[in-house]
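Chain by chain, the residues:
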Amino acid sequence: MNNTENNYAFIDGNNLYLGAKNQGIQLNYIKLRRYLRDKMNVSQAFLFIGFDPANTDFYRLLQKIGYILIYKPTIVYRNTDGTRTMKGNVDAELVLYSSAVEFENYDKAVIVSSDGDFACLVDFLDKKGKLKKIITPTENYSSLLKRFHSYILPLNSIRNKVGKFKSK
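In this text the structure is predicted, and so the values were computed from the model without any measurement.

Quick word on the overall build of the protein
- Tallying secondary structure elements over the protein gives six helices and 10 strands in all.
- For 168 residues, the compact-globule formula gives about 15 Å, and the C-alpha radius of gyration of the protein, at 16 Å, lands near that figure.
- With respect to the principal axes defined by its C-alpha atoms, the protein has extents near 50 × 35 × 30 Å.
- In the protein, which comprises 168 residues, the proportion classed as buried is 45%.
- Residue pairs in contact within the protein that sit at least 24 positions apart in sequence constitute 61% of those at least 6 positions apart.

Here we look at the environment of R84
- Inspection of the secondary structure puts R84 in strand β6 (residues 84-87).
- Among all residues touching R84, those that are not within four sequence positions of it are V76, Y77 and R78.

Observations regarding the nonpolar core
- One finds I11, L16, L36, Y67, V110 and L155 to be the most contacted residues of the largest nonpolar core, which totals 26 residues.
- Broken down by secondary-structure element, the contributors of at least two residues to this core are β1 (7-12), α1 (13-22), β2 (25-27), α2 (29-40), β3 (42-50), α3 (56-64), β4 (67-72) and β7 (109-112).
- Top contributing element to this core by residue count: α2, with five residues.
- Apart from the residues within four sequence positions on either side, L16 is in contact with I11, L27, Y29, L32, V112, P137 and L155.
- A109, L125, Y141 and I152 belong to the second-largest nonpolar core, a separate cluster that totals 23 residues.

Some details on the packing of helix α4 (residues 91-101) against helix α5 (residues 119-127)
- Axis separation between α4 and α5 bottoms out at 11 Å; the angle between their running directions is 5°. When the axes of α4 and α5 are compared, the pair comes out roughly parallel. In this structure, α4 contributes L94, V95, S98 and S99 to the contact, and α5 contributes L121, F124 and L125.

Looking at α4
- Those residues of α4 lying buried are D91, L94 and S98. One side of α4 carries all its buried residues, which in axial view fall inside an arc of 75°.
- Where the residues of α4 are buried, they touch β1, β3, β7 and α5.

Here we look at the sheet that holds β1
- Spatial strand order, β4-β3-β1-β7-β8-β9: six strands in an open sheet with parallel pairing. Unpaired on one side and paired on the other, β4 and β9 (152-154) mark the two borders of the sheet. On average, each strand axis in the sheet is inclined to that of its neighbour by 20°, with strand direction left out of account.
- In terms of strand pairing, β1 meets β7 through four bridges, oriented parallel. If you follow F10 over to β7, its bridge partner there is I111.
- Set on the sheet, α1 makes contact with β1, β3 and β7; between it and β1 the angle comes to about 70°.

Rules used in this analysis
- Residues numbered from 1 in each chain as written.
- Predicted model: local features only at pLDDT ≥ 70, side-chain atom pairs only at ≥ 80, totals over all residues.
- Heavy atoms only, no water.
- Helix = DSSP H or I, 4+ residues; strand = E, 2+ residues; numbered from the N terminus.
- Rg over C-alpha atoms; globule rule 2.2 N^0.38 Å.
- Buried < 20%, exposed > 50% of the residue type's maximum accessible area, 1.4 Å probe, protein only.
- Contact = heavy atoms within 4.5 Å.
- Core = buried A, V, L, I, M, F, W, Y, C linked by side-chain atoms within 4.5 Å.
- Axes fitted to C-alpha atoms, helices over the stretch in contact; angles between N-to-C directions.
- Parallel < 35°, antiparallel > 145°, perpendicular 65-115°, else oblique.
- Arc of directions from axis to C-beta.
- Pairing = 2+ DSSP bridges.

Spelled out as structure tokens, the structure:
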């Protein structure tokens with residue numbers, strides 16, 4: 001491992017949370033941040049997340065343990081069954097930060113998402129020699145990412161390092 005690399009992580013917060021949850025992984029954000037730092041040489045970890053005022057204590061904790069939070073306003077709506085759903089699409093912000101705003105500040109990027117919407121970003125980073133790894137939070141990541149298989153690191157393969165087991 002080249003300890004002189006200065007890498008940044010760009011994390012799709014909702015994709016990470018839901019992917020871990022669906023695999024029975026209770027994500028430990030402290031362990032994940034430590035893993036990114038120690039194994040991927042990530043000095044800055046940008047977590048893109050929909051803003052929910054009810055979660056401000058959690059956001060403070062994430063910042064305290066070393067994440068840089070990039071908030072997206074959310075839209076709240078009711079599903080047909082009456083359950084409340086909140087949507088905060090962070091795709092554009094993640095692409096903007098990784099390919100423009102922070103592009104000159106890091107050596108390589110770690111993308112944390114299983115979303116095929118990021119295939120064009122992954123392709124861009126690969127062509128520029130700036131792609132380190134794609135951590136896929138879901139077992140069945142988008143087929144659009146399959147051609148980058150050599151960069152794929154399934155969250156499930158590091159579950160013991162970044163979380164703990166729980167029953168589904």
